[in-house]
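# Analysis of the macromolecular model
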Amino acid sequence: NDLGSPEPLRWLLRSPFDRNVPVQLELQELLLDHVFQRLGVASQGSVDHPIVLTEAVCNPLYSRQMMSELLFECYQVPKVSYGVDSLYSFYHNRRQNWPCSGLVISSGYQCTHILPVLEGRLDAKNCKRINLGGCQAAVYLQRLLQLKYPGHFAAITLSRMEEILHEHSYIAEDYIEELQKWRSPEYYENNMHKMQLPFSNKLLGSTLTSEEKQERRQQQLRRLQELNARRREEKLQLDQERLDRLLYVQELLEDGQMDQFHKALVELNMDSAEELQSYINKLSLSVEQAKQKILQAEVNIEVDVVDSKPETPDLDPLGSEQSLEDVESINEFEPLFAEEQPEVEKPVAAVQPVFNLAEYHQLFLGTERIRAPEIVFQPSLIGEDQAGIAETMQYVLERYPKEQQAILVQNVFLTGGNTMYPGLKARVQKELLEIRPFQSSFQVHLASSPVLDAWYGARDWAVEHMTREEGWITRKDYEEKGGEYLKEHCASNVYVPIRLPKQAPRITEALAPSRVLTSSSGNPCEQA
């Protein structure tokens, strides 16, 4: 985990994109309590265990000071050590034939680092960072698929995009050449991946019977009637209030209060009493019509309720002859309606979807498989004005003499969760082949477990240096040298202490103006 900083100093974070890094000590304390609880370590009172923490590359001293203060003052730890996660991974993957120097390329969720290591120590002056990682690739893939499938905008979530990146994406060795291959229909069919989105058959309306549909229509009709009645009442109330106000102004005219009457006309934006009378007539008519509509709507609702009740037919023996005649007349028209009756029943009996719903909820991944992870090499794809891995690597190498360049490229080490794309190692080798001189040699190595090797390296270092003093900050060091103090080791940052200039004594500052006043008090012209 990267060390955070307090709330007013968010700019001290590794990059402005680190939204998941704790920036409050209260939150960091909760995280440490959770970690100690999961490890079975009692955190109440004190923690009698050495602590190994990872921090960002070139972590500010203030962040380390606040973290050391939390560990030593709150948890009373005996000693603590700080290191860089990618350097711990480099330390874990070291082999007998590997040189102590190398060029570490660490690409994580938020950013990518190019770290030169000379003779087992980090060269912090020439470290470079690219503010692009797996998070930006997932956001870019989400934008691409949302534009491609606007009907599934809500289903294309960031978590699903991360899943696609981990399982379906790869790095093209030659990006332009790979895009040309995707133009072939055969290549597209053979290399295109499908991703099934969740869906439900209940979205179709074929599961509803005719009675359920009729009941739903009646419910919608009742809701519309209630909504219209509410709107009529609100409009009637507003019109009635306006009418009462106009009538009040008319009463002022009848009572002879002309001044107040003219002021009221100005407020109503009217010119004369005739215009006021016309507005009163129109509003009165509108209010009466609204009241009639409300009464008529209430009557209609009552009639609908009465009609909806089942009625038992009365058996009238006197009218039986007429009913038989009506039946005979209806039977004459039965052949005309015989063809229309099955057409009404067919959609209800067998309603089938026009298309396969499962296929509609599928995402077809074509060139998106290579476009999303390509932003690490070409940040301009998402509009970022930054250099990619190849340009940054070349810039770092050019800051060294040719002899040291040859040493660094003999051990180019790839680590971090964002380096797990298939084809990344081959792409870095191709970029180095274009950067390095003709017939020069270089070697590129990938971490055995790019995600977990940082933890394994920290574990190996802690076990190996448990009884040593190298790399450990004790409580005595914390009290004597401050919370920002760092003991360097093979996987740590470089400690650069801050040397503040000495301030002048306050006594001399206080005496200086008094001397000026005493010396100039003799001649008022000199004071002027």
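As the structure is a computational prediction, the values presented were derived from the model and not from experiment.

Procedures and definitions
- Residues numbered from 1 in each chain as written.
- Predicted model: local features only at pLDDT ≥ 70, side-chain atom pairs only at ≥ 80, totals over all residues.
- Heavy atoms only, no water.
- Core = buried A, V, L, I, M, F, W, Y, C linked by side-chain atoms within 4.5 Å.
- Buried < 20%, exposed > 50% of the residue type's maximum accessible area, 1.4 Å probe, protein only.
- Helix = DSSP H or I, 4+ residues; strand = E, 2+ residues; numbered from the N terminus.
- Contact = heavy atoms within 4.5 Å.
- Pairing = 2+ DSSP bridges.
- Axes fitted to C-alpha atoms, helices over the stretch in contact; angles between N-to-C directions.
- UniProt positions renumbered as here; feature names shortened; annotations may be inferred.
- Right-handed = clockwise from strand over helix to strand, strands pointing away.
- Phe/Tyr/Trp six-rings, centres within 6.5 Å; stacked < 30°, edge-to-face > 60°.
- Lys NZ or Arg CZ within 6 Å of the ring centre and 35° of its normal.
- Salt bridge = Lys/Arg side-chain N within 4 Å of Asp/Glu carboxyl O.
- Parallel < 35°, antiparallel > 145°, perpendicular 65-115°, else oblique.
- Nonpolar A, V, L, I, M, F, W, Y, C, P; charged D, E, K, R; others polar.
- pLDDT = per-residue confidence, 0-100.
- Arc of directions from axis to C-beta.
- Patch = residues over 30% accessible without salt bridge, like charges linked within 9 Å, V, L, I, M, F, W, Y side chains within 5 Å.
- Areas by Shrake-Rupley, 256 points an atom, 1.4 Å probe, with all protein chains shown as cover.
- Left-handed = near helix turned anticlockwise from the far one by under 90°.

### Let's talk about the nonpolar core
Among the nonpolar cores identified, the biggest contains 40 residues, and Ile105, Leu145 and Val428 are the most heavily contacted of them. Only strand 3 (102-107), helix 4 (134-148), helix 5 (158-168), strand 8 (362-365), helix 16 (389-397), strand 9 (412-415) and helix 18 (424-435) provide two or more residues apiece to this core. Ignoring any residue separated from it by four or fewer positions in sequence, one finds Ile105 in contact with His113, Ile114, Ile389, Met393, Val412, Phe413, Leu414, Thr415, Thr419 and Val428. Counting residues in each nonpolar core, the second largest holds 20 residues, with Leu32, Met67, Tyr478 and Tyr495 among its members.

### Some thoughts on the sheet that holds strand 1 (residues 51-55)
A sheet is described by the order of its strands in space; here three strands give the open sequence 1-2-11, paired in mixed fashion. The open sheet has two free edges, formed respectively by strand 1 and strand 11 (473-474), since each of these has just one partner strand. Note that strand 1 and strand 2 (residues 79-84) share five bridges and pair parallel. Each residue of the ladder has a partner; that of Glu55, found in strand 2, is Val84. The strands touched by helix 2 (residues 61-74) within the sheet are strand 1, strand 2 and strand 11, with strand 2 carrying the most contacts at an inclination of about 145°.

### Side note on the UniProt feature "coiled-coil region" (unreviewed entry) in the chain
UniProt tags residues 210-244 and 273-300 as "coiled-coil region" (unreviewed entry). Helix makes up 100% of residues 210-244 and strand 0%, whereas the separation of the span's terminal C-alpha atoms amounts to 51 Å.

### Here we look at the pairing of strand 1
Burial runs high along strand 1: four of the five residues are buried. The handedness of the strand 1 to strand 2 crossover, carried by helix 2, is right-handed.

### Things to note about the packing of aromatic side chains
If you walk through the whole model with that rule in mind, you get eight aromatic pairs. Aromatic pair Phe72 and Tyr478: ring centres 4.9 Å apart, planes at 15°, arrangement stacked. Taken as a pair, Phe72 in helix 2 and Tyr478 in helix 20 (residues 475-481) lie far apart in primary sequence, 406 residues in all. Grouping aromatic residues by their ring pairs yields a cluster made of Trp182, Tyr187 and Tyr188. Directly above the ring of Tyr279 sits Lys282, whose terminal nitrogen or CZ lies 6.0 Å from the centroid. The ring of Phe377 has Arg427 lying over it, and the distance from NZ or CZ to the ring centre is 4.3 Å.

### Side note on the pattern of salt bridges
Two side chains carrying opposite charge are able to pair once their charged atoms lie near each other. Throughout the structure, instances matching the rule amount to 13 salt bridges. Between Arg475 and Glu73 there is a salt bridge, and its shortest N-O distance comes to 3.8 Å. Linking Arg475 in helix 20 with Glu73 in helix 2, this pair joins segments that are 402 residues apart in sequence. Each of Glu73, Arg475 and Glu479 takes part in one network of salt bridges that share partners.

### Notes on the packing of helix 4 against helix 5
Interhelical geometry of helix 4 versus helix 5 gives an angle of 105° and a closest axis separation of 9 Å. With respect to helix 5, the element helix 4 is oriented roughly perpendicular. Seen from helix 4, the contacting residues are Gly134, Ala137, Ala138, Val139, Leu141, Gln142 and Leu145; seen from helix 5, they are Leu158, Met161, Glu162, Ile164 and Leu165. Here the residues of the contact of helix 4 with helix 5 sort into nine nonpolar, two polar and one charged.

### Considerations on the confidence of the model for the chain
Overall, the prediction assigns the chain a mean pLDDT of 80, with 78% of residues at 70 or greater. In this model residues 1-17 is a low-confidence stretch, pLDDT under 50, and it forms 50 contacts with partners more than four residues away in sequence or in other chains. Note on residues 308-325: pLDDT is under 50 here. Beyond four places in sequence and across chains, it has zero contacts.

### Here's the deal with helix 16
Residues spaced three or four apart along an α-helix face the same direction, because each turn holds 3.6 residues. Taken as a whole, helix 16 has its buried residues at Ile389, Ala390, Thr392, Met393, Val396 and Leu397. For helix 16, the arc enclosing every buried residue in end-on projection is 165°, short of the 170-degree limit, so these residues lie on one face. Next to the buried residues of helix 16 lie strand 3, strand 4 (112-118), strand 6 (128-130), helix 17 (402-408) and helix 18.

### Quick notes on helix 9 (residues 258-267)
Of the positions making up helix 9, those classed as buried are Phe261, Ala264 and Leu265. Buried residues of helix 9, viewed axially, fall in a sector of 100°; they line one side. In helix 9, those exposed residues whose orientation departs by more than 90 degrees from the buried face are Asp259, Lys263, Val266 and Glu267. One or two residues past the end of helix 9 sits Asn269, with phi positive at roughly 60°.

### Considerations on a nonpolar patch on the surface
A contiguous nonpolar surface patch, about 270 Å² in accessible area, is contributed by Leu27, Leu30 and Leu31. Relative to the elements of secondary structure, Leu27 occurs in helix 1 (residues 25-38). The exposure class assigned to Leu27 is partly exposed, which follows from its relative accessible area of 41%.

### Some thoughts on the pairing of strand 4
Most of strand 4 is tucked away: six of the seven residues are buried. In terms of strand pairing, strand 3 meets strand 4 through six bridges, oriented antiparallel. Within the sheet, the bridge partner assigned to Ser107 lies in strand 4 and is Thr112. In this antiparallel pair of consecutive strands, strand 3 and strand 4, the connection spans four residues. Here strand 4 pairs with strand 6 via three bridges, running antiparallel. Following the sheet pairing, Thr112 is matched in strand 6 by Ile130. Pairing analysis gives two bridges linking strand 4 to strand 5 (residues 121-122), with the strands arranged antiparallel. By the bridge assignment, Leu118 is partnered in strand 5 with Arg121. What sits between the antiparallel neighbours strand 4 and strand 5 is a turn of two residues, in which Glu119 has the positive phi angle 55°.

### Structural notes on the packing of helix 16 against helix 18
At a closest axis distance of 10 Å, the pairing of helix 16 and helix 18 adopts a crossing angle of 45°. Regarding the angle of helix 16 to helix 18, the classification is oblique. Crossing handedness for the pair helix 16 and helix 18: right-handed. The residues of helix 18 that touch helix 16, namely those facing Ala390, Met393 and Gln394, are Val428, Glu431, Leu432 and Ile435. Tallied by class, the residues present in the contact of helix 16 with helix 18 amount to five nonpolar, one polar and one charged.

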